[in-house]
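Coordinates in review
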Amino acid sequence: MIRFVADRLLGMLVVLFLVCLFTFVIFFVLSPDPAVQICGKNCTPEAIDQIRANLGLDQPFWTQFGTFLTGLFAGRTYGTGPNAIDCAAPCLGYSFQSSQAVTDMIAQRLPVSATVAVGAAVLWLLAGVAGGLLSAVREGRFADRFIAGLTLTGMSIPNYVLALSLQFLLVVTLGWLPFPQAVAFTDDPVRWFQNFLMPWIVLAVGMAAVYTRLTRANVIETLQENYVRTARAKGLSPGLVWRRHALRPALTPIVTIFGMDFAGLLGGALITETVFGINGIGKMAADSITKNDQPVIMGVTLLAAFLVVVGNMVVDLLYTAIDPRVRVGSSA
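In this report, we go over the structure that sits alongside the text. Model, not experiment: these values are computed from the prediction.

What follows covers the layout of surface pockets. To find leftover empty space, one rolls a probe the size of a water molecule over the atoms. Counted as a void, the largest pocket has a volume near 710 Å³. Of all the secondary structure elements, the ones that give two or more residues to the lining of the largest pocket are α1 (2–30), α2 (34–39), α3 (45–55), α4 (61–74) and β1 (76–78). No other element matches the five residues that α3 contributes to the lining of the largest pocket. Across the lining of the largest pocket, the residue classes tally to 15 nonpolar, 14 polar and two charged. A volume near 510 Å³ is recorded for the second largest pocket. Around the second largest pocket sit 18 residues that line it, and C20, L72, P90, L302 and F306 are the ones nearest its centre. If you list the elements that add at least two residues to the lining of the second largest pocket, you get α1, α4, α5 (102–137) and α13 (294–322). For the lining of the second largest pocket, the element with the highest residue contribution is α1, accounting for five residues. Residue composition of the lining of the second largest pocket, by class: 16 nonpolar, two polar and no charged.

Okay, here's the thing in structure tokens:
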């Protein structure tokens, strides 16, 4: 087990290093000169050179990359003398537009994106697993065909189309929900719930459709296994066969896809947050792309990569608890 965890940690560190290198090359080498962007149109060459020196952009590439990695773990200092700015670890730099620390900007927006991700995940997991189980139990019948039609529709509708349609129907036409606004849960729990209801539904519809099809296929395949036939031949009740012998192996693959999907969603739902004006990681990334705010874009990219890699590792560890064969294989 220790070797299994060590291998996963090593793999995670390698992947994160490669992601850092890749994003650093794209945003700080291949992109336009950040010093020119910061300085503005009416700027002298001397001022641009001074900005490059303060940001460390006048150093060789590997020196810049080493300083960036050091800043992630130990912080760094921008500039020298009385104008020097300290950036505490994990330092992702400062926004070119607002001059805020990228780490602080992410910390402010991450709880909002986490709220969107958790609410949507609960909806799509409940709907997807329940729909898949019902479809498998009623295989070939009307309920199975009806659920198949719903899942096909859910997978076919783009998020932005569903978001705009819900907003027009529920807010503009029927007036059942107010326009989304920034309201804290402690100030008005009902209004807070109303603000997040549509984003939850938009993100959950497509994912619930995928989980329904996956659950249905896994359950049907599991019910055809020899050990399930043996359990039935022993005279066990159908409910006991389902609970003890069918559900656990059938739902095991759901753990993998759920961990990856949820971790990716924590990095921000760009389209959904932009449509509904939710100030989460996704909307911050969209605004930064529009303004070419390279440190923020890079910070969000690294955050998303970190969450996905960590989510993948957590899924691997959960697999060792769910499936004994993984533990046996890891200790071999």
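Once the structure has been displayed, the description carries forward.
Our focus in this paragraph is the state of the cysteines. In total, this model carries one disulfide according to the counting rule given. Disulfide pairing places C87 opposite C91 at an S-S distance of 2.1 Å. On the sign convention where negative means left-handed, the S-S torsion of about 110° between C87 and C91 marks this disulfide as right-handed. We classify C91 as buried; its relative accessible area is 1%. Cysteine C20 is unpaired, with the sulfur of C91 as its nearest cysteine sulfur at 13 Å.

Looking now at the nonpolar core. Residues F68, L92, I106, W124, M198, L265 and M284 are the most contacted members of the largest nonpolar core, which totals 48 residues. Mapped by element, the contributors of at least two residues to this core are α1, α4, α5, α7 (159–173), α8 (189–223), α10 (238–266), α12 (281–291) and α13. Tallying contributions element by element places α8 first for this core, with nine residues. Each residue touching L92, except ones within four places of it in the same chain, is listed here: F68, L72, C87, V102, T103, I106, P295, G299 and L302. Judged by nonpolar contacts, the second largest core, of 10 residues, contains V219, I220, A246 and A250.

Here we come to α8. A rise of 1.5 Å per residue sets the reference length of α8, with its 35 residues, at 51 Å; its end C-alpha atoms lie only 44 Å apart and thus fall more than 12% short of the reference. At A204, α8 shows its largest kink, close to 35°.

Before going further, it helps to spend a moment on the side chain of S113. With respect to the helices and strands, S113 occurs in helix α5. With a relative accessible area of 1%, S113 lands in the buried category. Separated by 2.9 Å, the side chains of S113 and E273 make a polar contact.

Tallied over the entire structure, the rule returns three salt bridges. A salt bridge links R216 to D144; the shortest N-O distance between them is 2.9 Å. Remark: D144 occurs in helix α6 (residues 142–156) and R216 occurs in helix α8; sequence separation between them is 72 residues. Side by side, R216 and D144 carry an identical accessibility label, which is buried. Among the salt bridges present, the one from D287 reaches K283, with a minimum N-O distance of 3.2 Å. Residue D287 and its partner K283 are both found in helix α12; the two are separated by four residues, about one turn of the helix. Residue D287 is classed as partly exposed on the basis of its relative accessible area of 30%.

About the thresholds
- Sequence order as written defines the numbering, with residues in each chain counted from 1.
- With the structure being a predicted model, the display of local features is reserved for residues of pLDDT at least 70 and the display and counting of side-chain atom pairs for 80 or more, all residues being used for whole-chain, interface and lining totals.
- Remark: hydrogens and water are excluded; side-chain values derive from all non-hydrogen atoms of the structure.
- Both site types are read off a 1 Å grid over the protein atoms alone. A 1.4 Å probe that fits but cannot get out defines a cavity, while an open set with protein on both sides within 12 Å along at least five of seven lines defines a pocket; lining residues have an atom within 4 Å of a point.
- Grid points are joined across faces, edges and corners, and a volume is the space filled by probe spheres set on the points.
- Numbered from the N terminus, helices here are DSSP runs of H or I no shorter than four residues, and strands are runs of E no shorter than two.
- Residues are grouped as follows: Ala, Val, Leu, Ile, Met, Phe, Trp, Tyr, Cys and Pro are nonpolar; Asp, Glu, Lys and Arg are charged; all remaining types, including Gly, are polar.
- A pair of cysteine sulfur atoms is labelled a disulfide when the two atoms are within 2.5 Å.
- Buried, partly exposed and exposed residues are distinguished by accessible area as a fraction of the type maximum, computed with a 1.4 Å probe on protein chains only: under 20%, between the cut-offs, and over 50%, respectively.
- Put simply, a nonpolar core is a bunch of buried Ala, Val, Leu, Ile, Met, Phe, Trp, Tyr and Cys residues held in one set by side-chain atoms that sit within 4.5 Å of each other.
- The criterion used for residue contact is that any of the two residues' heavy atoms lie within 4.5 Å.
- Between the first and last residue of a helix there are one fewer steps than residues, each counted as 1.5 Å, and that sum is the expected span.
- A residue's bend is given by the angle between axes fitted to the 7 residues ending at it and the 7 residues starting at it.
- As used in this structure description, the phrase polar contact means that two N or O atoms lie within 3.5 Å; if the pair is within protein, one of them must be able to donate a hydrogen and the other to accept it, and residues adjacent in sequence are counted only when both atoms belong to side chains.
- For this document, the term salt bridge refers to a Lys or Arg side-chain nitrogen within 4 Å of an Asp or Glu carboxyl oxygen.

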